[in-house]
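# Remarks on the overall topology
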Amino acid sequence: MRARALIWLASVLALVAVLATLAATGRLTVRTDMMALLPAPQHDALVNAAMDRMSGFGQKRVTILVSGDSPAHRRQAVDAMARVLSSSPAFEQIVARADQALSQSQREQLDELYFQHRFHLLAPTDAAALARLAGAAADSPTANEAREHFVNRARSQLYGLGVGGGRFVDDPFGLASAYQRAALPNPAPNLRIAGDGYFHVAGHNGRHFDVLFAETRDNPFSLASQRQASQALAQARQAAYAAAPEAELMMSGVVRHAAAAAQRARFEMSVVGTGSLIGIVVLMLWAFGGIRPFVLSLAAVGGGIVLAMLVTELVFGQIHMLTLVFGASLCGVAIDYCLHFCAQRLATPDPATALAQVRRPVTLGLITSVIGYGGMVVAPFPALRQIAVFTATGLIGGWLGMMLLLPGASGTAPRPGRALKLAGLWRSHGPARLAIGRERALIATLSALAVGLGAFALWQLAPRDSVRVLYNPPPQLLKTDRTVADLLGSSLSTRAIVVHGANPAEVLGTESALVDRLTQGSAPAASVRAITEAYPPVAAQKQNYARLAQTLYAANGPAVELLRQAGFDERRIKAARQAFVDAKGHALALADWLASPASLGLRDLWLGRVDGVKATLIRLDSVADPRRLKQIVGDYPNAQYIDSVARISGLLAHYRQLATWLLGLTYVLAWLVLWRAFGARGALALLLPPALASAAVLAIFAATGATFALFNLVALILLLGLGADYGIFLRTAPAEHAPAMLAVGLSVATTLLAFGLLGLSHTPALHEFGITLALGLTLTFLLASLLGRAPPERHP
């Protein structure tokens, strides 16, 4: 026995060493991104790619709004924050002024790009004027007005800068600079640039806010990134108040939500784990009169948790914080096996004999629990799969600890005390007395009641299949986000339109037409961000060139006439004219635009090749008329409207239905396993307590209008394993065997401590899980006590 304990200890130490090595080398990854728990969308590849890209929009951005009693004070606060954030390794791009959006080399690259393609890229006002000029009679008022649009700007440029300034001879009408101004990316619709270059927005009652944008260097859901970013933001806030004490700040960004979720998860994990351990210590001291059973049980469960963390990391490559919160309550379940061994030693002092007495029921209990979680593993749902692997592996580890560690290290058998007497009284004078001689009728009655309550629940329950069950943001953060989004006129969009086609020209042509229809008129259907806002399709570029050739750059046309009036010699004029001729057919290719600074802020909208087609996204910043939006999109066969929140909620509904069938299948499999050991009626008696308790809980939820979602069903799957365990332990023990009842009672108490505390969680999924299990476990214990007295009846 002692040799087995040493083998177990050496194995656990080896696992701890491996886990520590993974943590030290950065391979042990803990994530806080709630969206990572969601299943991959079961749609076509195009929709999947679109939703995957949408999930990353603005993920690294932090937006800070600063108000104050004067522009000077606002600027001081912004500059102070910018200095702090620029010096932090957590942030890589800080933008408070328009000239900070691009580096010097990027600006030079952009100037060269637009100048090189000046005959193909036209600002919207220039393109409209050129269209009027090309379509009107040469001497008509329309043509003269359109021509003056270009000539006046050329004269202003000529006389304002002088002949020697800039590249007047090469671009007399200032087409490149006009396009560059028009194509300047605007991070938000309501954002404006002050005379000194600072970004600002106007709020209600004439209140103004300066705006600072920052981007985190790493994934905001990385715990290390969250710590660094949170510290830098706190220091930036202090610096702002030091520079301008009257300043008011609003900060918005995904990293703040991620940090809040991680902090909440750590707190809840601490509360659940600490509360469970304190409760277990008190219960075991009361039941066994010493600390040794607790220490050994804690060591066995700790070994199981180490094994669970390592296996989960190896299988998934990461561990989610929600899994750790869930796993913190694992000690309340895995310790059941140790409790049964310790309770058995009250009646069987010899460790080997005690182990032989509990091995069969404990192993059967483990098998039923693993069957329940095994069904969750096959579901293509990351949250369920990771929780299932973690919990099933942890239970196996706890079982191994009970089998190997406890017999060899448990020492002297504990003395029977008051706890054992109370368990004996409950066993002999509790609900089980009602079943004596009436078990067959009682099983039939309770089965009918379970069917009736289940039918009522199915009829009345209103499921809540919302992605928001995974994260309930702090109200203050949510309020700040909404205020910032309202002032800027944009937010992290969860809606978009995906457009596809055989080639980029077809895709962008459809996008351009679609954007025009969505944004035209005095009441646009939506506010959008699209590639064609800054990059004209090649067909439009060729049309621009053709119209220039027909009008401004015609032989001896306005360009030549203007240059002659400005005093340029014929050689320079001929060279400028030849540059225009040589530019024919050299439109700016999409690939070159995407690779240039011109596409910053928009390049992520281009999806590229997906499932044999080219595709792009039109991001919907706001939707004013959803019905008209869908009607317009419906007119384009190659366009599809995507609402990521609605689609994910639909996936949750699908997997809730799948989990319902999975729960039923798990009951069938568990019955087949138990039938081999206890016979048909015995197996039914073992599974009836969790089944009736589940139906009763669902009926209570239906009657009270409580929330019902996927994680309620996950709790019911766990309830099946626990309830079957209790029935097995009681029915395999003699009719008056108090240690079995003591072990079951302690198991219920510790599990209620572990999972019941999850009912206090602010994460809706965990809260619902905890409430469901607390109610179900209480009812299951009462029913298992009722049906657990009679010995099993065996049938051939």
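Look up: the structure comes first, before these words.
Conventions used here
- Residues numbered from 1 in each chain as written.
- Predicted model: local features only at pLDDT ≥ 70, side-chain atom pairs only at ≥ 80, totals over all residues.
- Heavy atoms only, no water.
- Helix = DSSP H or I, 4+ residues; strand = E, 2+ residues; numbered from the N terminus.
- Areas by Shrake-Rupley, 256 points an atom, 1.4 Å probe, with all protein chains shown as cover.
- Lys, Arg positive; Asp, Glu negative; His and termini not counted.
- Charge placed at Lys NZ, Arg CZ, Asp CG, Glu CD.
- Polar contact = N/O pair within 3.5 Å; in protein donor to acceptor, adjacent residues only side chain to side chain.
- Contact = heavy atoms within 4.5 Å.
- Axes fitted to C-alpha atoms, helices over the stretch in contact; angles between N-to-C directions.
- Parallel < 35°, antiparallel > 145°, perpendicular 65-115°, else oblique.
- Left-handed = near helix turned anticlockwise from the far one by under 90°.
- Nonpolar A, V, L, I, M, F, W, Y, C, P; charged D, E, K, R; others polar.
- Salt bridge = Lys/Arg side-chain N within 4 Å of Asp/Glu carboxyl O.
- Buried < 20%, exposed > 50% of the residue type's maximum accessible area, 1.4 Å probe, protein only.
- Phe/Tyr/Trp six-rings, centres within 6.5 Å; stacked < 30°, edge-to-face > 60°.
- Lys NZ or Arg CZ within 6 Å of the ring centre and 35° of its normal.
- Core = buried A, V, L, I, M, F, W, Y, C linked by side-chain atoms within 4.5 Å.
- Expected span 1.5 Å × (residues − 1).

## A few points about the overall build of the protein chain
A tally of helices and strands in the protein chain yields 27 helices and 13 strands. If one aligns the C-alpha atoms of the protein chain with their principal axes, the spans along those axes are about 115 × 55 × 50 Å. Accessible surface for the protein chain amounts to roughly 33800 Å². Of this, 59% is attributable to carbon and sulfur atoms. Here the protein chain contributes 68 positively and 49 negatively charged side chains, and the mean placements of these two sets differ by 12 Å.

## Looking at the side chain of Asp465
Topologically, Asp465 is positioned in the loop between helix H16 (439–460) and helix H17 (475–488). Only 2.7 Å separates the side chain of Asp465 from the side chain of Arg656, close enough to count as a polar contact. For Asp465, the residues in contact, after removing those within four places along its chain, are Ser649, Leu652, Ala653 and Arg656.

## Concerning the packing of helix H24 (residues 644–704) against helix H25 (residues 710–731)
At their nearest, the axes of H24 and H25 sit 6 Å apart, and the two run at 15° to each other. Considered as vectors, H24 and H25 are oriented roughly parallel to each other. Crossing of H24 over H25 shows right-handed handedness. Along the lines of polarity and charge, the residues of the contact of H24 with H25 split into 23 nonpolar, 7 polar and 2 charged.

## Looking at the side chain of Arg731
If you trace the backbone, Arg731 turns up in helix H25. In terms of polar contacts, Arg731 uses its side chain to reach the backbone carbonyl oxygen of Leu787, at 2.7 Å.

## Comments concerning the packing of helix H20 (residues 558–565) against helix H21 (residues 570–582)
One way to put it is that H20 packs onto H21 with a least axis distance of 10 Å and a crossing angle of 155°. The pairing of H20 with H21 is recorded here as roughly antiparallel in orientation. In the packing of H20 onto H21, the handedness of the crossing is right-handed. Side by side, H20 and H21 meet where Val560, Leu563 and Arg564 of the first sit next to Glu570, Ile573 and Ala576 of the second.

## Things to note about the pattern of salt bridges
For the structure on display, the rule yields 12 salt bridges. Arg153 is paired through a salt bridge with Asp126; the nearest N and O atoms lie 2.8 Å apart. Remark: Asp126 occurs in helix H5 (residues 124–135) and Arg153 occurs in helix H6 (residues 141–161); sequence separation between them is 27 residues. Accessibility expressed as a relative area gives 0% for Asp126, which makes it buried. Linked through salt bridges whose partners overlap, the residues forming this network are Arg74, Arg75, Asp196 and Asp210.

## Examining the packing of aromatic side chains
For any pair of aromatic rings, geometry is given as the distance between the ring centres together with the angle between the planes. In total, this model carries 13 aromatic pairs according to the counting rule given. Ring plane angle 15° and centroid distance 6.2 Å describe the contact between Phe168 and Phe568, whose orientation is recorded as stacked. Placement of Phe168 in the loop between H6 and helix H7 (175–182) and of Phe568 in the loop between H20 and H21 is noted, with a sequence separation of 400 residues between them. Classification of Phe568 as buried rests on a relative accessible area of 11%. Both rings, one in Tyr535 and one in Trp593, keep their centres 5.4 Å apart while their planes meet at 35°; by these two values the pair is tilted. Residue Tyr535 is found in the loop between strand S10 (526–529) and helix H19 (538–550), and its partner Trp593 is found in helix H22 (residues 590–594); the two are separated by 58 residues along the sequence. Given the relative accessible area of 1%, Trp593 is considered buried. Within the aromatic cluster, the residues linked to one another by ring pairs are Phe119, Phe150, Phe173, Tyr545, Tyr553 and Phe580. Taking the ring centre of Tyr198 as reference, the NZ or CZ of Arg97 above it sits at 5.6 Å. The cationic tip of Arg360 hangs over the ring face of Phe678; the distance from NZ or CZ to the ring centre is 5.5 Å.

## Some words on H20
Along H20, the positions that sit buried rather than exposed are Pro558, Ala559, Val560, Leu562 and Leu563. Looking one or two places after H20, you find Gly567, whose phi comes out positive at around 95°.

## Re the nonpolar core
If you look at soluble globular proteins, the nonpolar side chains tend to sit buried side by side. Core analysis: the biggest nonpolar cluster contains 97 residues, and Phe288, Met402, Leu406, Leu742 and Phe769 have the highest contact counts within it. In terms of residues, this core owes the most to one element, H24, which gives 17 residues. Once residues within four sequence positions are removed from consideration, Leu742 is found in contact with Phe288, Ala343, Leu346, Ala419, Leu420 and Ala423. Counting residues in hydrophobic clusters, the runner-up holds 53 residues, among them Leu518, Ala526, Leu590 and Leu602.

## Observations concerning helix H3 (residues 71–86)
The first and last C-alpha atoms of H3 sit 22 Å apart over 16 residues, in line with the 22 Å expected at 1.5 Å per residue. Every buried residue of H3 is accounted for by Arg74, Arg75, Ala77, Val78, Ala80, Met81, Ala82, Val84 and Leu85. Where H3 is buried, its residues meet strand S2 (61–67), strand S3 (91–95), strand S6 (208–216), helix H8 (223–243) and strand S7 (248–253).

## Here's the deal with unusual backbone geometry
For residues besides glycine, phi is generally negative; the peptide bonds are generally trans as well. At Asn556, a residue that is not glycine, the phi angle is positive and equals roughly 60°. Under the relative-accessibility criterion, Asn556 is labelled exposed at 60%. Even without glycine at this site, Asp611 takes up a positive phi of about 55°. The class for Asp611 is exposed, based on a relative accessible area of 67%.

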